[in-house]
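# Architecture and fold: a report
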Amino acid sequence: RKEVEQDPGPFNVPEGATVAFNCTYSNSASQSFFWYRQDCRKEPKLLMSVYSSGNEDGRFTAQLNRASQYISLLIRDSKLSDSATYLCVPQSNTGKLIFGQGTTLQVKP
Amino acid sequence: DTAVSQTPKYLVTQMGNDKSIKCEQNLGHDTMYWYKQDSKKFLKIMFSYNNKELIINETVPNRFSPKSPDKAHLNLHINSLELGDSAVYFCASSQNQGLGETQYFGPGTRLLVL
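Notes on the structure follow. Every value quoted in this text rests on a predicted model; they were computed, and no experiment measured them.

## Section: the state of the cysteines
All names here are of chain A. Evaluation of the coordinates by the stated rule reveals two disulfides over all chains. Note that C23 is cross-linked by a disulfide to C88, the S-S spacing being 1.9 Å. With the S-S dihedral at roughly -65°, the linkage between C23 and C88 falls on the left-handed side. You can see C23 sitting in strand β3 (residues 19-25) and its partner C88 sitting in strand β9 (residues 84-91), a full 65 residues away along the chain. Pair check on accessibility: C23 and C88 agree, each one buried.

Rendered as structure tokens:
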């Protein structure tokens, strides 16, 4: 079983749509959680941290379910500039970031 | 201002050669990392240094040798390059090795071994 499982997509959505990505992780000892964004042929950049109570940053909402070992990311009112690969990243209790394969989002005009 | 920089950006070389990739961060961070992203897009940690001391050493062939001359620099030397070493190598840094610390990535070095 992969340490982090994500649907690779691609998710093709029109501008203005709401889209949700899910992720499951296998290490129950994971302590911190992040969503990173990676544009084509670029480096990953932190999108947002994920807190146990869920958190929102503008159009982006992240949720964590520790019992189910499940993380989600919701993007509202999609923009063309949201097109990228979204990486689910739990952090182990030893500090290592464990990257998922990523979910590719393509927002169409 | 460039926060985490890597050189070279592209590296094309023959099998069997030895090459180095350099990384520098000007963020004043204590911890630096090397990651490998293969053709299937999985990003995996290779090494981590905290204040010039090796703290994470994943199962990586010993042909790969990191060196940290000071806490702002972490270089990666690869001996006897193989076809399977072709990948994108990312350097990253964080304030320290604590949980929850954001990692900032360099632009990557695209290595192609022929």
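## Thoughts on the pairing of strand β5 (residues 43-50) of chain B
Residues and elements named next belong to chain B. In terms of residue burial, β5 counts as a mostly covered element, since seven of its eight residues are buried. In the sheet, strand β4 (residues 31-37) pairs with β5 via seven bridges, with the strands oriented antiparallel. When the sheet's bridge partners are listed, W34 is paired in β5 with F47. What sits between β5 and strand β6 (residues 53-57) in their antiparallel hairpin is a turn of two residues, with N51 showing a positive phi close to 50°.

## Considerations on a nonpolar patch on the surface
Residues and elements named next belong to chain B. A surface patch of nonpolar side chains, about 270 Å² in accessible area, is lined by V12, L112 and L114. Positionally, L112 belongs in strand β11 (residues 109-113). Residue classification places L112 among the partly exposed residues on the basis of a relative accessible area of 40%.

The rules behind the values
Sequence order as written defines the numbering, with residues in each chain counted from 1. Naming scheme: in the order in which they are written, chains are lettered from A and ligands are numbered from 1. Where local features are concerned, this predicted model is filtered to residues with pLDDT of at least 70; where side-chain atom pairs are given and counted, the filter is 80 or more; whole-chain, interface and lining totals use all residues. By convention in this description, side-chain values take in all heavy atoms of the structure and omit both hydrogens and water. In what follows, a disulfide is any cysteine sulfur pair within 2.5 Å. For helices the rule is a DSSP run of H or I covering at least 4 residues; for strands it is a run of E covering at least 2, with both sets numbered from the N terminus onward. Under the scheme applied here, a residue whose accessible area is under 20% of the maximum for its type counts as buried, over 50% as exposed, and between as partly exposed, the area being computed with a 1.4 Å probe on protein chains only. Pairing between two strands requires that DSSP report at least two bridges joining them. For patch building, the residue pool is restricted to those with more than 30% relative accessible area and no salt bridge; the joining distance is 9 Å between like charges and 5 Å between nonpolar side chains (Val, Leu, Ile, Met, Phe, Trp, Tyr). The Shrake-Rupley method, run with a 1.4 Å probe sphere, supplies the accessible areas, and residue values consider only the shown protein chains as cover. The working definition used for a salt bridge is a side-chain nitrogen of Lys or Arg within 4 Å of a carboxyl oxygen of Asp or Glu.

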